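# Per-entry structural report
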Amino acid sequence: MSTHPAGHPVGALATLPLGDDALVLSHRLGEWAGHAPVLEEEVALANIALDLLGQARALYAGLADVLGSEDEIAYLREEREFRNCQLVEQPNGDFAHTIVRQLFFSAYQLPLYDRLSPSLPLAAKAVRETAYHRDHAEQWTLRLGDGTEESHTRTQRAADALWRFTGELFQPVEGLDVPWQELEAEWTADVRDVFDRAGLTVPETPRHGAWSAGAGRQGLHTEPFGRMLAEMQHLHRSHPGATW
Amino acid sequence: MSADWPLWEVFVRSRRGLSHTHAGSLHAPDAQMALRNARDLFTRRSEGVSLWVVPAAEITASSPDEKDPFFAPAADKPYRHPTFYEVPEGVRNL
């Protein structure tokens, strides 16, 4: 793996949490296929899901020597071995819930990939995709927050519900040389700016559940994740080595 | 939801120097979202370098009923086509 100009290498397993974030969110977005509110939006969400899947594959491919093939990494690990943050594993909920989750995550992934670009080739490539995901989420947050009373209520409710999963994003990941506090300040300012323009209130509640600080990165996940994983992995586990 | 959304016609310029070509249509709540939907629907395989979206309601089209008076008078005037002279050998790019 290449090294940072300043000489800080990206640690051997440090990219696993990034790959797991991308894979898990990709799967959640894929669950909208056939259910999105309009056809155009279904295509947009599927596009974002495929971007993320591509990122996950590239990151897993770089871990082949340590963890095995892409399929093994995605389909044959147990829940406790996944290092994704808990935000991305949260169920889709309604469309507003999905959009707020997208905003929170893309506003995190964009500056993170930007910082990692010099040391991680995938990040340099993916940063433009992520900028589009961030823009998509912003456009919808503005329209839902500042739309009807119904859309505003649902979007605010989603923000309040997901807020406690946002603190974990800035728990340092071992092996990634990133100024996490700076990243957090940037994220907070960005989200606050979008919320202000959308007429939404930034929640004042804690950014961690009492039990959940940094938990996803340690392999501790919320209850819906097990069911998601069962669905995602069952085909590969039922037919090991099957190809098509 | 999309039943309430207006229809937009999408025009894609595939390369610099070419003109925008009609690619299809889509529903969107406003122009900015129409542009983004057009990007996802029509240019995700590098089909374009520029996009236009136009509200379908703003397009004035010729009517099929007027086809004859509109277009027929040109049919029997073959001298309007530039085919009555010989192209000298060696002329390229004509």
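Our subject is the structure that appears above.
Residues numbered from 1 in each chain as written. Chains lettered and ligands numbered in written order. Predicted model: local features only at pLDDT ≥ 70, side-chain atom pairs only at ≥ 80, totals over all residues. Heavy atoms only, no water.

## Some words on the overall build of chain B
Summing up its helical and strand segments, chain B has two helices and three strands in all. Secondary structure elements of chain B occur, N-terminal to C-terminal, as β-β-α-β-α. Referenced to the eigenvectors of the C-alpha coordinate spread, the extents of chain B come out at roughly 60 × 40 × 15 Å. Each of the 94 residues in chain B was classed as buried or not, and the buried ones make up 21%. Summed over its atoms, the accessible surface of chain B is roughly 7300 Å², and 53% of this surface lies on carbon and sulfur atoms. (Helix = DSSP H or I, 4+ residues; strand = E, 2+ residues; numbered from the N terminus. Buried < 20%, exposed > 50% of the residue type's maximum accessible area, 1.4 Å probe, protein only. Areas by Shrake-Rupley, 256 points an atom, 1.4 Å probe, with all protein chains shown as cover.)

## Focus on the pairing of strand β1 (residues 7-13) of chain B
Residues and elements named next belong to chain B. With five of seven residues buried, β1 is to be regarded as a mostly interior element. As paired elements, β1 and strand β2 (residues 21-27) share six bridges and run antiparallel to each other. Of the residues in β2, the one forming a bridge with Val10 is Gly24. Pairing geometry for β1 and strand β3 (residues 50-55), over six bridges, is antiparallel. Within the sheet, the bridge partner assigned to Val10 lies in β3 and is Val53. (Pairing = 2+ DSSP bridges.)

## Points about the sheet that holds β1 of chain B
Residues and elements named next belong to chain B. Sheet architecture is open: three strands sit in the order β2-β1-β3, paired in antiparallel fashion. Lying at the two open borders of the sheet, with one neighbouring strand each, are β2 and β3. For this sheet, the mean angle separating the axes of adjacent strands, direction not counted, is 30 degrees. Along the sheet, helix α1 (residues 31-42) makes contact with β1, β2 and β3, crossing β2 at roughly 115 degrees. (Axes fitted to C-alpha atoms, helices over the stretch in contact; angles between N-to-C directions. Contact = heavy atoms within 4.5 Å.)

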